[in-house]
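# Structural features, examined
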Amino acid sequence: MTQPARIVVVGSLNMDLVVKAPRIALEGETIKGGTFSTMPGGKGANQAVAASRLGAHVHMVGCVGDDGFGRELLDNLHKANVNTDYVTTVSGSSSGVAMITVSESGENSIVIAPGANDRMAPEYVRQAESIIREADVVLIQLEIPMETVEEAVVIANRHQVPVILNPAPARSLPEALLKQIDILTPNETEGKLIVTGRAEGDIDVEEIIHDLKSKGVRQVVMTLGGEGVAYSAGEAVQRLKAYTIDVMDTTGAGDSFNAGLGVYLAEGGSLEEAVRFAQKVAALSVTGFGAQASFPSRTEVEGFQ
């Protein structure tokens, strides 16, 4: 590699409001929690910070509110060496927040109030066309309006820049959009929802992947939590086992995986190599508390066995 990967992330910025608890509360139940923390997050910002930690040159395209959280989110991106020239401060809007409960087992429950993320109009992406044109990979998620996601994909396709779409939070997606995606990275629930319109039901991983490809997606990389990863390699579906590791907090693990995948592909790696690299990034990310605070450096990833 002669120069760092050039990554553009189009997506959300949130302030995570995190409470540790013995377990995730049941519906209608109140339980006593532990420590409370505020931490920068949002799927878009998470992927941007993770990619930067891995050595990429990263531009973030998104929106924050004109409040204290917005200023903190911008400052955090600056500290992480993420370019924020195309992060818009929306007047009269609050920044996005995510209410997160983290259990003793490391699992989490998340509720998002999107704030300024819902104000991210397609015009903000059009303003960033010059950096998208020069990117090696564009990373996108679904915490911003769908018309803005579609505009980002159209612009990236126009300039033949590969698109990795992480379809989270889970929702159905139009086939016209799927046909423009180079790599789709759902978890099993998200994959089922896109294929069947329901998040549950008896459909195996291989069938989900084949159905997604039949809808026009070029490649599918499906994360399966503790079961590892399944991905399309031509007509076949390959599986890679998960790393065995002590889990502290899974928040942001999927975002770090997508960042690792995008960076390694942007550097010219094969899909299998990129998936293996992304697995290492995600595995290391769950050993710390919080999303961005736990993302590993390139040196840490390359030293992980």
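Report follows, based on the coordinates.

### A short note on the overall build of the protein
Assigned secondary structure in the protein consists of 11 helices and 13 strands. For 305 residues, the compact-globule estimate of 2.2 N^0.38 gives 19 Å, and the protein sits close to it at 18 Å. Principal axes of the C-alpha set define a box for the protein whose edges measure 50 × 40 × 40 Å. Here the protein, with 305 residues, has 52% of them falling under the buried criterion. For the protein, the exposed surface amounts to about 13,100 Å²; the carbon and sulfur share of it is 47%.

### Description of the nonpolar core
Core analysis: the biggest nonpolar cluster contains 49 residues, and Ile 7, Val 221, Leu 261 and Val 275 have the highest contact counts within it. What Val 275 contacts, discounting residues up to four positions off in sequence, is Val 221, Val 229, Tyr 231, Leu 240, Phe 257 and Leu 261. Core analysis: the second largest hydrophobic core is formed by 44 residues, Leu 184, Val 195, Val 205 and Leu 212 among them.

### Considerations on helix 1 (residues 43-53)
Burial of helix 1 is extensive: 9 of the 11 residues sit out of reach of the surface. Residues of helix 1 that are buried: Gly 44, Ala 45, Asn 46, Gln 47, Ala 48, Val 49, Ala 50, Ala 51 and Ser 52. Positive backbone phi, approximately 100°, marks Gly 55, located one or two places after helix 1.

### Quick look at the environment of Gly 234
Relative to the assigned elements, Gly 234 resides in the loop between strand 12 (229-233) and strand 13 (236-240). C-alpha separation for the pair Gly 234 and Gln 219, spaced 15 residues apart in sequence, amounts to 8.3 Å.

### Details of the sheet that holds strand 5 (residues 82-90)
Hydrogen bonds between backbone groups are what pair the strands of a sheet, and the pairing can be parallel or antiparallel. The sheet built from 9 strands is open, its strands ordered 5-4-1-8-9-10-11-12-13 with mixed pairing. Each edge of the open sheet is held by one strand with a lone partner, namely strand 5 and strand 13. Looking at chain direction, strand 12 and strand 13 are connected through 5 bridges and run antiparallel. Following the sheet pairing, Tyr 231 is matched in strand 13 by Gln 238. With respect to the sheet, helix 9 (residues 253-266) is in contact with strand 1 (6-10), strand 8 (137-140), strand 9 (163-165), strand 10 (183-184), strand 11 (219-223) and strand 12, its orientation differing from that of strand 8 by roughly 170°. Running at roughly 165° to strand 12, helix 10 (residues 271-285) makes contact with strand 10, strand 11, strand 12 and strand 13 of the sheet.

### Here we look at helix 7 (residues 188-196)
Listing the buried residues of helix 7 in full gives Glu 190, Gly 191, Lys 192, Leu 193, Ile 194 and Val 195. Contacts made by the buried residues of helix 7 are with helix 6 (175-178), strand 10, helix 8 (205-214) and strand 11. For helix 7, the N-terminal cap is Asn 187; the gap from its side-chain oxygen to the backbone nitrogen of Thr 189 is 3.2 Å. Positive backbone phi, approximately 85°, marks Gly 197, located one or two places after helix 7.

### Description of a negative patch on the surface
Together, Glu 188, Asp 204, Glu 207 and Glu 227 make up a region of like negative charge exposed at the surface. On the secondary structure map, Glu 188 appears in helix 7.

### Brief notes about the side chain of Arg 298
For Arg 298, the position within the fold is in helix 11 (residues 298-302). Look at Arg 298 and you get buried, because its relative accessible area is 18%. A distance of 2.9 Å separates a polar atom in the side chain of Arg 298 from the backbone oxygen of Leu 54. Beyond its immediate chain neighbours, meaning those up to four positions away, Arg 298 contacts Arg 53, Leu 54, Val 263, Tyr 264, Glu 267 and Phe 277.

### Regarding the sheet that holds strand 2 (residues 14-20)
Taken in spatial order, the 4 strands line up as 3-2-6-7 in an open sheet, and their pairing is mixed. Because the sheet does not close on itself, it has two edges, and the strands there are strand 3 (36-41) and strand 7 (108-113). For this sheet, the mean angle separating the axes of adjacent strands, direction not counted, is 20°. Here strand 2 runs beside strand 3; their pairing, made up of 6 bridges, is antiparallel. Each residue of the ladder has a partner; that of Leu 17, found in strand 3, is Thr 38.

### Side note on the pattern of salt bridges
One pass over the structure, following the stated rule, counts 13 salt bridges. Between Arg 239 and Glu 206 there is a salt bridge, with its nearest N and O atoms 3.2 Å apart. In this pair, Arg 239 sits in strand 13 while Glu 206 sits in helix 8, placing the two residues 33 residues apart along the sequence. Judged by its relative accessible area of 27%, Glu 206 is partly exposed. In this structure, Glu 267 and Arg 298 form a salt bridge, with 2.8 Å as the shortest nitrogen-oxygen distance. Of this pair, Glu 267 sits in the loop between helix 9 and helix 10 while Arg 298 sits in helix 11; the two residues are 31 residues apart in sequence, bridging distant segments of the chain.

Calculation notes
- Counting restarts for each chain, with residues numbered from 1 along the sequence as it is written.
- Side-chain atom pairs in this predicted model are given and counted only at pLDDT of 80 or more, local residue features only at pLDDT of at least 70, and totals for whole chains, interfaces and linings cover all residues.
- Note that the side-chain values use all heavy atoms of the structure and ignore hydrogens as well as water.
- Here a helix means four or more residues in a row that DSSP labels H or I, a strand means two or more in a row labelled E, and each is numbered from the N terminus.
- With the radius of gyration taken over C-alpha atoms, the globule rule is written as 2.2 Å times the number of residues to the power 0.38.
- Classification of residues uses two cut-offs on accessible area relative to the type maximum, computed with a 1.4 Å probe and protein chains only: under 20% is buried, over 50% is exposed, and between them is partly exposed.
- Per-residue and other accessible areas were derived by the Shrake-Rupley procedure at a 1.4 Å probe size, with only the shown protein chains allowed to occlude residues.
- Here, the term nonpolar core denotes a set of buried Ala, Val, Leu, Ile, Met, Phe, Trp, Tyr and Cys residues that are joined through side-chain atoms within 4.5 Å.
- In what follows, residue pairs with any heavy atoms lying within 4.5 Å of each other are defined as contacts.
- Two strands qualify as a pair provided DSSP detects at least 2 bridges between them.
- As a rule, the C-alpha atoms of each element are fitted with a line to give its axis, helices using only the stretch in contact, and angles between N-to-C directions run from 0 to 180 degrees.
- Under this definition, polar contacts are N or O atom pairs within 3.5 Å; protein pairs additionally need one hydrogen-donor-capable and one acceptor-capable atom, and for neighbouring residues in sequence, both atoms have to be side-chain atoms.
- Residues forming no salt bridge and having over 30% relative accessible area are the ones grouped into patches, like charges within 9 Å of each other and nonpolar side chains (Val, Leu, Ile, Met, Phe, Trp, Tyr) within 5 Å.
- Here, a salt bridge means any side-chain nitrogen of Lys or Arg that lies within 4 Å of a carboxyl oxygen of Asp or Glu.
- The charge count includes Lys and Arg as positive and Asp and Glu as negative, but it does not include His or the ends of the chains.
- Lysine's charge is taken at NZ, arginine's at CZ, aspartate's at CG and glutamate's at CD.

From the geometry alone we can't say anything about function, so treat these as descriptive.
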